[in-house]
Number of protein chains: 2
Amino acid sequence: MRGMSKKGLTPQGEDFSAWYNELVYEADLVDLSPVRGSFVIRPYGYALWENIQRDLDAMFKATGHENLYFPLLIPMSFFEREADHVEGFSPELAVVTHAGGKELEEPLAIRPTSETIIGELYSKWVQSYRDLPLLYNQWANVMRWELRTRPFLRTTEFLWQEGHTAHATAEEALEETRRMLDVYATFARDYAAIPVVEGEKTEGERFAGAKQTLTIEAMMRDRKALQSGTSHYMGENFSRAFDITFNDVNNEQAYAHTTSWGFSTRFIGAIIMTHGDDAGLILPPKLAPHQVVIVPISRRNDDEATARVTAEAQRLATSLAEVGVRVKVDEREGMSPGWKFNEWERKGVPLRIELGPKDLEAGTVLLADRLSGEKDTVAIDQVASRVPGLLEAFHERLFERARVFRDEHIFEAETYEELKEKVEHGWVYATHCGDPESEARIQEETKATVRCIPLEGPSAEGTVCVHTGKPSGYARKVIFAKAY
Amino acid sequence: MRGMSKKGLTPQGEDFSAWYNELVYEADLVDLSPVRGSFVIRPYGYALWENIQRDLDAMFKATGHENLYFPLLIPMSFFEREADHVEGFSPELAVVTHAGGKELEEPLAIRPTSETIIGELYSKWVQSYRDLPLLYNQWANVMRWELRTRPFLRTTEFLWQEGHTAHATAEEALEETRRMLDVYATFARDYAAIPVVEGEKTEGERFAGAKQTLTIEAMMRDRKALQSGTSHYMGENFSRAFDITFNDVNNEQAYAHTTSWGFSTRFIGAIIMTHGDDAGLILPPKLAPHQVVIVPISRRNDDEATARVTAEAQRLATSLAEVGVRVKVDEREGMSPGWKFNEWERKGVPLRIELGPKDLEAGTVLLADRLSGEKDTVAIDQVASRVPGLLEAFHERLFERARVFRDEHIFEAETYEELKEKVEHGWVYATHCGDPESEARIQEETKATVRCIPLEGPSAEGTVCVHTGKPSGYARKVIFAKAY
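Note that the coordinates shown come from a computational prediction; the quantities given were computed from them, not determined experimentally.

**Some thoughts on the overall build of chain A**
Move 1: When its secondary structure is counted, chain A shows 14 helices and 23 strands.
Move 2: Its C-alpha atoms give chain A a radius of gyration of 25 Å, near enough to 23 Å, the size a compact globule of 484 residues would have.
Move 3: Projecting the C-alpha coordinates of chain A onto the three principal axes gives extents of approximately 80 × 60 × 45 Å.
Move 4: Counting over 484 residues, chain A shows a buried share of 49%.
Move 5: Contacts in chain A between residues far apart in sequence, at least 24 positions, make up 67% of those at least 6 positions apart.

Below is the structure:
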């Protein structure tokens, strides 16, 4: 496909969904696979995931967690041990019935999440309060057989990390649940330049088997919400189902309190839809596979000038790499500079350096900023010293742009009519009574759900439910929004 | 299980296999899982794998490869497109027949290796010679339903990387096949301190569908061989099966030449069995989760002295971490220092630092070397400057010990009687005619197989097959050995 000119994307304002579906392919992030609902993550998309993994993994380790690996396959009977869990996951399981040329005695499910098989082992590993806490995480593939799939957002197979911890007390487990939510929120802000709202899910939206589900919610450019990471407090639900008991300090038998928390390739969807524009991706510098692309511009019929430009581009790339910048020189033949500029814009590279024979003579380069669209002339010998600061500033501007956009599209509603009207334009703070039936009715009528009860936000004190008129079910107003 | 005293291991000389099976559990590398033949890789084992991944991945990237991710499930019909491939892999497949509550129209196999699904996509990605080479790799889990399993060595699910490349010419693909074999050999030597023999597999031992299989073979302490990494040249076999064609420089349609190369958690087995001794693991410093463990020794009924020792241990750990050493302070309560020494010996930590109140007064520590068993007194303020060099030297001594052991157990045989006798004591160079039937007969009678035709080694010129008396089938004598 190389060298083919690609058609422009459908503008976001015209059809956001079409824009997304075109962009994930046109930016070489994914490709279709022969298995329904599974996608190939291409090198450019996978490099984003590798960068996410590297930084998030460092944060897990800094908070005392170790990685390990549990088997892909889980005996079907395990799911039945926790009633809510089986109800939540069994309709989505992919099941191995035959292996090694024979029918299996008990079918095995491909893990949709690993609480059950991990619970089985934790039961063995935890004997005394001295064995606690267990603070483990795994990076793995999981499978949930979804009917309607979209690249990154909802796929039958996806990549994620799942942390699973066990603690002696509810208090410690709740602290861990919150700590890991904060890790996700910090990562979203500091690495992906995505402002998120931290909050708690209502009962109906909790993870299957959890007592508390915390979430980070991000606003996409179409003002829908995307749940971008969740952290669950399981109470004793799984330790009772899998017998994770220990002798406590007083030598009495007690159940451990467990948590789990997950973050997946779905977050790549959040990056695309939080920052992208009509020209394509805009990638946060800390996660971008290439932070800078250098496009050398050759002079037709002047091989000597072209060679000088290429040599200088390489020298510049080396000097950028030396200061820790991820840089690529686009030396491909057979494409025009303009074609390359478009391609790297579509791929969201934060800074582009254009270098031609005239620039070389002037001792300068043109430096194009993907976010502002501006081009600056910079002296060649200042590029390496200036770029790291420019990337920092790019991150800040990108975050600020997303924050302003989000804040401009969060409203408050006092009445149901107001909620219905405003939720067409963004997120809405409103008081809710907490009744699941009312929540379901609102969703039916508005397509909006309670994204979360935010940890910070307008108080619900003295207000009543916009839908039922009953007293508020929570200390704060909840956030209603349409969501992915 | 914490704090329980663990029984000693069966000595290697008494029953090597029992030694291995005990050690993988006693060193907290793995645990049993509820799924037959799949094992949980515990944090200490997984940390080894993470270190392997980190260093090997950097070598792949330095040789121009990018990572991506292909789906776990492969339509069953894909396997049938390459005749040798289906014959090799179909008896070992685990098959998903139901998903999302329904029976699938076409069963899906969990990947045993990904040539087929990757071939399908490469067919789409390769149109012109300008698209070549494709130099991709994925880190993934794979499944082969084996009947007899052993932790790391043979497991139904295992973790690995599989590189898959496509090239315009046979020459380039053969170069790549050899380049990646050399990467594996270099990694084994420079990171795992394992000397390996590089060689080519005979026809009968080739990867299913390959035209050439290169291998690195390592000698375990029981003198058996362990195939530790393989690199395959597929010729046009897969590109014909999956239609990976391109317009060449002369605008003529041509088939791509493909390669694949893999390295798995099996290599952890190689590390265990190349270096371990009766006391447990001996880990190569570059891959060891902890390169140094500090055991602070408290003084009974003297909290103040104990606090001083602990503070100094922490200070020492910080100074080691600052010079890039992976260090752990073992502050666990309720175990004696002697118990801890045994545990860290079993877990193969290269250097152990013992620090008690008397050492502190003298301004020294005791530094114990896992390989030599010697203890040296070292001034505290010299520890941080000396340890990095000691770890380097540890690596060299470990490699040299393995190399000497291997070379002392490689023999040459001129006759079949000699081969039968010597192969009981190690590896044997002998001339072979290349006839697969003769190879099979030798295996039946001696339990030894042709591990490889080594890339370097004694010439077969002027010699005849030790088994059939026919002329040599290869330029060099082959290596016969019993193997894992």
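**Considering the packing of helix α9 (residues 303-322) of chain B against helix α12 (residues 380-408) of chain B**
Residue and element names in this part refer to chain B.
Move 1: Running from amino to carboxyl end, α9 crosses α12 at an angle of 25°, the nearest separation of the two axes being 9 Å. By the criterion of interaxial angle, the relationship of α9 to α12 is roughly parallel. For the element pair α9 and α12, the recorded crossing hand is right-handed. From α9, Leu316, Ser319 and Leu320 reach across to α12, where they touch Ile380, Val383, Ala384 and Val387.

**Examining the nonpolar core**
Move 1: Of all hydrophobic cores here, the largest spans 285 residues; its most connected members are Val96, Ile294 and Phe480 of chain A together with Val96, Ile294 and Phe480 of chain B.
Move 2: Beyond its immediate chain neighbours, meaning those up to four positions away, isoleucine 294 of chain B contacts Ala313, Leu316, Ala317, Val327, Val329, Asp330, Ile353 and Leu355 of chain B.

**Side note on unusual backbone geometry**
Trans is the prevailing form of peptide bonds, just as negative phi is the prevailing case for residues other than glycine.
Move 1: Along the chain, leucine 132 of chain A connects to proline 133 of chain A via a cis peptide bond; the corresponding omega equals -5°.
Move 2: Among the structural elements, proline 133 of chain A can be located in the loop between α5 (115-125) and β7 (134-143).
Move 3: A positive phi angle, near 60°, is found at aspartate 28 of chain B, a position not held by glycine.
Move 4: Structurally, the position occupied by aspartate 28 of chain B is in the loop between α1 (16-26) and β1 (30-32).
Move 5: For aspartate 28 of chain B, a count of 16 C-beta atoms within 10 Å puts it in the partly exposed group.
Move 6: For aspartate 243 of chain B, which is not glycine, the phi torsion reads 60° and is therefore positive.
Move 7: As for its position among the elements, aspartate 243 of chain B is in the loop between α7 (237-242) and β12 (245-247).

**With respect to the relation of the copies chain B and chain A**
Move 1: At an RMSD of 0.0 Å, chain B and chain A line up after a rotation of 180° and a shift of 0.0 Å along the axis. Considering both components of the superposition, the chain copies are consistent with a two-fold axis. Relative to the rotation axis, the closest C-alpha in chain B is found at valine 96 of chain B, a distance of 2.1 Å.
Move 2: A share of 100% of interface residues in chain B that are also interface residues in chain A marks the association as one of identical surfaces.

**Overview of the sheet that holds strand β20 (residues 410-412) of chain B**
Residues and elements named next belong to chain B.
Move 1: Strand order in this open sheet of 11 strands is β3-β7-β8-β14-β11-β10-β9-β22-β23-β21-β20, and the pairing throughout is mixed. Each edge of the sheet is formed by a strand with only one pairing partner; in this case those strands are β3 (66-67) and β20.
Move 2: As paired strands, strand β22 (residues 449-454) and strand β23 (residues 478-481) are joined by three bridges and run antiparallel to one another. Bridged to valine 450 within β23 is phenylalanine 480.
Move 3: With respect to the sheet, helix α2 (residues 43-62) is in contact with β7 (134-143), β8 (157-167) and β14 (257-264), its orientation differing from that of β8 by roughly 5°.
Move 4: Lying on the sheet, helix α8 (residues 266-275) is in contact with β8, β10 (212-219), β11 (225-235) and β14; it crosses β11 at an angle near 145°.

**Some points on the environment of glutamate 331 of chain A**
All names here are of chain A.
Move 1: By the element assignment, glutamate 331 lies in the loop between β16 (327-329) and α10 (337-346).
Move 2: Here glutamate 331 falls in the exposed class, since 12 other C-beta atoms lie within 10 Å of it.
Move 3: When neighbours within four sequence positions are excluded, glutamate 331 is seen to be in contact with Pro296 and Thr310.

**Digging into the pairing of strand β21 (residues 427-430) of chain A**
Residue and element names in this part refer to chain A.
Move 1: Judged from the three bridges that link them, strand β20 (residues 410-412) and β21 form a sheet pairing that is parallel. Its bridge partner lying in β21, phenylalanine 411 is registered against valine 428.
Move 2: Note that the unit made of β20, helix α13 (residues 416-422) and β21 has a crossover that is right-handed.

**Structural notes on the domain arrangement of chain A**
Residue and element names in this part refer to chain A.
Move 1: One can read the domain layout of chain A as domain 1 (16-275), domain 2 (292-394) and domain 3 (411-481).
Move 2: Centre-to-centre, using C-alpha coordinates, domain 1 lies 27 Å away from domain 3.
Move 3: Across the contact, 15 residues belong to domain 1 and 14 residues belong to domain 3.
Move 4: Listing elements by their share of the side of domain 1 that touches domain 3, those giving two or more residues are β9 (196-200) and β10 (212-219).
Move 5: The leading source of residues in the side of domain 1 that touches domain 3 is β9, at four residues.
Move 6: Looking at the side of domain 1 that touches domain 3 residue by residue, the class counts come to three nonpolar, four polar and eight charged.

**Quick notes on the environment of valine 183 of chain A**
Residues and elements named next belong to chain A.
Move 1: With respect to the helices and strands, the residue valine 183 is situated in helix α6 (residues 170-190).
Move 2: Residue valine 183 is classed as buried on the basis of its C-beta count, with 21 C-beta atoms lying within 10 Å.
Move 3: For the pair formed by valine 183 and asparagine 247, sequence separation is 64 residues and the distance between their alpha carbons is 31 Å.
Move 4: When neighbours within four sequence positions are excluded, valine 183 is seen to be in contact with Met59 and Thr63.

Cut-offs applied
Per-chain numbering applies: the sequence of each chain, read as written, is numbered from 1 onward. As they are written, the chains are lettered A onward and the ligands numbered 1 onward, keeping that order. Restriction of local features to residues with pLDDT of at least 70 applies here, the model being predicted, together with a cutoff of 80 or more for giving and counting side-chain atom pairs; totals for whole chains, interfaces and linings are based on all residues. Under the scheme used here, helices are H or I runs from DSSP no shorter than 4 residues and strands are E runs no shorter than 2 residues, and both carry numbers assigned from the N terminus. Note that the radius of gyration is over C-alpha atoms, with the globule rule given as 2.2 Å times the number of residues to the power 0.38. Three exposure classes are used. Buried residues have 20 or more other C-beta atoms within 10 Å of their own C-beta, exposed residues have 12 or fewer, and partly exposed residues fall in between, all C-beta atoms being placed from the backbone. By the convention adopted here, residues make contact when the C-beta atoms placed from their backbones lie within 7 Å. As a rule, the C-alpha atoms of each element are fitted with a line to give its axis, helices using only the stretch in contact, and angles between N-to-C directions run from 0 to 180 degrees. What sets the label is the angle itself: under 35 degrees gives roughly parallel, over 145 gives roughly antiparallel, 65 to 115 gives roughly perpendicular, and the rest give oblique. Crossing handedness is read from the near helix: turned anticlockwise from the far helix by less than a right angle, it gives a left-handed crossing, and turned clockwise, a right-handed one. To define a nonpolar core, we join buried Ala, Val, Leu, Ile, Met, Phe, Trp, Tyr and Cys residues through C-beta atoms within 7 Å and take the resulting set. For this overlay, a least-squares fit was computed on C-alpha atoms, restricted to residues scoring pLDDT of at least 70 in both copies. The rule for pairing is simple: two strands pair if DSSP sees at least two bridges between them. The crossover handedness rule: strands pointing away from the viewer, path from first strand over the helix to second strand clockwise, crossover right-handed. Domain ranges listed in this record stem from an automatic or a database domain assignment. Residue polarity follows a fixed list, in which Ala, Val, Leu, Ile, Met, Phe, Trp, Tyr, Cys and Pro are nonpolar, Asp, Glu, Lys and Arg are charged, and the others, Gly among them, are polar.

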